[in-house]
Amino acid sequence: MINIDFDKDLERYPSRPFLKEQSIWAIKLYRWGRFIDSQNDGLFKKLKLQFYWLAFRLVETLTGISLPKGAVIGPGLRIWHFGNIFVNSGSIIGKNCTLRQGVTIGNRHEDGPLPVIGDNVEIGAYAQILGGVQIGNNVKIGAMSVVLSDIPSGATAVGIPAKVIHANH
Ligand SMILES: CC(C)(COP(=O)(O)OP(=O)(O)OC[C@H]1O[C@@H](n2cnc3c(N)ncnc32)[C@H](O)[C@@H]1OP(=O)(O)O)[C@@H](O)C(=O)NCCC(=O)NCCS
Ligand SMILES: CC(=O)OC[C@H](N)C(=O)O
């Protein structure tokens, strides 16, 4: 399952992405972290988790992309570019979603509720999606927008706070 998800991620990247796009490093590590969590407890898993955490800090620092294994992210994730991309570990993101540099998916207040994002959602550069918002399928979030309320499927939303400009596209 985890390998299949990563194959779907790769389909959204050019050939030989490891040489061309730093974001694939973060995605590969995220998928591997999910795989380790799915394994039976034991010494081998413990050792792998220690290595995972070391790799996580390294990749997070090198790429500026923080994709913790606690987040649930569907297959076909595409991250354009890198830097300042933070996903809270309780967030849920559907399949075939696109993130870009500067995107935050997180809470509004410490330990507050977190976004649930549908499938085929395109998130523009530096957009911030905060709190327990529900984003439908096939949504576009404009660059630099701050999403603080639900966005229905098919809509495009822009601005601070983000407002729907097209109900369907
Ligand atoms: C929102 C977006 C998807 C365009 O959607 P669209 O349906 O084609 O919208 P339009 O371009 O027709 O613009 C509609 C209105 O929204 C405004 N608008 C578009 N993007 C906006 C944004 N990010 N923030 C605020 N307003 C925006 C336009 O100025 C226009 O306003 P007007 O009707 O008063 O003239 C696009 O502008 C965007 O932000 N894409 C993100 C891509 C990105 O991050 N690129 C960086 C590459 S690294
Ligand atoms: C910076 C830029 O324009 O990147 C283009 C890229 N195709 C994207 O969608 O993010």
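Keep in mind it's a predicted model, so treat the numbers as computed, not measured.

We now examine the overall build of the protein chain. Counting its regular elements, the protein chain contains 4 helices and 15 strands. The C-alpha atoms of the protein chain give a radius of gyration of 16 Å, which matches the 15 Å a tight globule of 169 residues would have. Burial analysis of the protein chain (169 residues in total) assigns 46% to the buried set. Partitioning the contacts of the protein chain with sequence separation of at least 6, the portion at a separation of at least 24 is 28%. For the protein chain, the exposed surface amounts to about 8800 Å²; the carbon and sulfur share of it is 59%. Here the protein chain carries 18 positive and 13 negative side-chain charges, and the mean point of each set is 4 Å from the other.

What follows is about the site of ligand 2. What surrounds ligand 2 is the set Trp80, His81 and Arg100. Between His81 and ligand 2, the recorded distance is 2.9 Å, taken from a side-chain N or O atom to an oxygen atom. If ligand 2 stood free it would expose 300 Å²; the protein chains cover 47% of that surface.

Neighbouring residues of ligand 1: His81, Arg100, Gln101, Gly124, Ala125, Gly142, Ala143, Thr156, Val158, Ile165 and His166. Ala125 places a polar main-chain atom, nitrogen or oxygen, 2.7 Å from an oxygen atom of ligand 1. Note that an oxygen atom of ligand 1 is positioned 2.9 Å from one of the side-chain N or O atoms of His166. About the coverage of ligand 1: the protein hides 42% of its 920 Å² of free accessible area. When contributions to the shell around ligand 1 are tallied by element, the ones reaching two or more residues are strand S14 (156-158) and strand S15 (163-166). Considered class by class, the residues forming the shell around ligand 1 number 4 nonpolar, 6 polar and 1 charged.

This next bit is on the packing of aromatic side chains. Evaluated as defined, the whole model comprises 6 aromatic pairs. On the basis of an interplanar angle of 50° and a centroid distance of 6.5 Å, the ring pair of Trp32 and Tyr52 is categorised as tilted. With a gap of 20 residues between them, Trp32 in helix H3 (residues 23-38) and Tyr52 in helix H4 (residues 43-63) connect regions that are remote in the sequence. Residue class for Tyr52 comes out buried when judged on its relative accessible area of 0%. Ring-pair connections join several aromatic residues into one group, and the members of that group are Trp32, Phe51, Tyr52, Trp53 and Phe56. The side chain of Arg78 reaches across the aromatic face of Tyr13, ending 4.0 Å from its centre. The ring of Trp80 carries Arg78 above its face, with NZ or CZ at 3.8 Å from the centroid.

What follows is about the sheet that holds strand S8 (residues 116-117). Strand pairing within a sheet occurs via backbone hydrogen bonds; the two strands may be parallel or antiparallel. Read across the sheet, 4 strands follow the order S2-S5-S8-S11 without closing on themselves; strand pairing throughout is parallel. In the strand order of this sheet, the two ends are held by strand S2 (72-73) and strand S11 (134-135), each with one partner. Two strands pair when backbone bridges link them, and strand S5 (residues 92-93) and S8 are joined in this way by 2 bridges, in the parallel orientation. Paired with Ile93 across the two strands is Ile117, which belongs to S8.

Here the focus is H3. Residues that lie three or four places apart on an α-helix share one face, since the helix turns once every 3.6 residues. Over its 16 residues, H3 extends 23 Å from the first C-alpha to the last, a length consistent with the 22 Å expected when each residue adds 1.5 Å. Of all the positions in H3, only Ser23, Ile24, Ala26, Ile27, Leu29, Tyr30, Arg31, Gly33 and Ile36 are classed as buried. Packing partners of the buried residues in H3 comprise helix H1 (2-11), helix H2 (17-20), H4, strand S1 (65-66), S2 and strand S3 (78-80).

Turning our attention to a nonpolar patch on the surface. On the surface, a cluster of nonpolar side chains totalling about 410 Å² of accessible area is made up of Phe18, Trp25, Leu58 and Leu62. Take Trp25: it is sitting in helix H3.

Conventions and cut-offs
- Residues numbered from 1 in each chain as written.
- Chains lettered and ligands numbered in written order.
- Predicted model: local features only at pLDDT ≥ 70, side-chain atom pairs only at ≥ 80, totals over all residues.
- Heavy atoms only, no water.
- Helix = DSSP H or I, 4+ residues; strand = E, 2+ residues; numbered from the N terminus.
- Rg over C-alpha atoms; globule rule 2.2 N^0.38 Å.
- Buried < 20%, exposed > 50% of the residue type's maximum accessible area, 1.4 Å probe, protein only.
- Contact = heavy atoms within 4.5 Å.
- Areas by Shrake-Rupley, 256 points an atom, 1.4 Å probe, with all protein chains shown as cover.
- Lys, Arg positive; Asp, Glu negative; His and termini not counted.
- Charge placed at Lys NZ, Arg CZ, Asp CG, Glu CD.
- Near = heavy atom within 4 Å.
- Polar contact = N/O pair within 3.5 Å; in protein donor to acceptor, adjacent residues only side chain to side chain.
- Nonpolar A, V, L, I, M, F, W, Y, C, P; charged D, E, K, R; others polar.
- Phe/Tyr/Trp six-rings, centres within 6.5 Å; stacked < 30°, edge-to-face > 60°.
- Lys NZ or Arg CZ within 6 Å of the ring centre and 35° of its normal.
- Pairing = 2+ DSSP bridges.
- Expected span 1.5 Å × (residues − 1).
- Patch = residues over 30% accessible without salt bridge, like charges linked within 9 Å, V, L, I, M, F, W, Y side chains within 5 Å.
- Salt bridge = Lys/Arg side-chain N within 4 Å of Asp/Glu carboxyl O.

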